[in-house]
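Listed here are the chains, written in short residue letters.
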Amino acid sequence: MIGKHFGRTIHVPGALTANLDIRISVPVDCRLHRVSAVASNASSATVDVGLSDDTDEILAARDAGDSGTPAVYGLADFASTNPTGRLLQGEILVVTVDFDGAAGTAAQNLTVDLDFIAG
């Protein structure tokens, strides 16, 4: 944690063969500030971020970056259902990855980085 900023990184090595449903217990009241996603290949993968009762309430179906260049999403990209990325301690944050988008190319060596601001 640097000041009030903290992060979580999710990395899945190798070629993905199925969708991912990653769940993280939110440790403190905070705001999701930025989401970065990337695959090592030119994939069709997409990423959603939300809570357990609405899994795309913060970020809905955005492309993961390709060939090692991350796609970065912030407040301007967040869904109208939670445009500030506000999270409360104990809520379940859900990161959903569609490994090949709409039946496209599967992601390889996927990394999703979540940046938060406590408070």
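See above for the structure.
Residues numbered from 1 in each chain as written. Predicted model: local features only at pLDDT ≥ 70, side-chain atom pairs only at ≥ 80, totals over all residues. Heavy atoms only, no water.

Visitor: Looking at this structure, I do not really get the pattern of salt bridges. What am I missing?
Guide: Opposite charge on two side chains permits them to pair, given that their charged atoms come into close proximity. Counting across every chain of the model gives four salt bridges. When the shortest N-O distance is used, the salt bridge between D113 and R34 registers 3.9 Å. A residue pair is termed long-range when its members are at least 10 positions apart, and D113 in strand 9 (residues 108-118) and R34 in strand 3 (residues 30-38) qualify at 79 residues. Residue D113 is classed as buried on the basis of its relative accessible area, which comes to 19%. The salt bridge partner of R34 is D115, with a shortest N-O separation of 2.9 Å. Note that R34 is positioned in strand 3 and D115 in strand 9, a separation of 81 residues in sequence. (Salt bridge = Lys/Arg side-chain N within 4 Å of Asp/Glu carboxyl O. Helix = DSSP H or I, 4+ residues; strand = E, 2+ residues; numbered from the N terminus. Buried < 20%, exposed > 50% of the residue type's maximum accessible area, 1.4 Å probe, protein only.)

Visitor: Please explain the environment of L20 as it appears in this structure.
Guide: One can find L20 in strand 2 (residues 20-25). When the C-alpha atoms of L20 and V94 are compared, they prove to be 9.9 Å apart, with 74 residues separating the residues in sequence. Excluding residues that lie within four positions of it along the chain, L20 makes contacts with V12, V95, T96, V97 and L110. (Contact = heavy atoms within 4.5 Å.)

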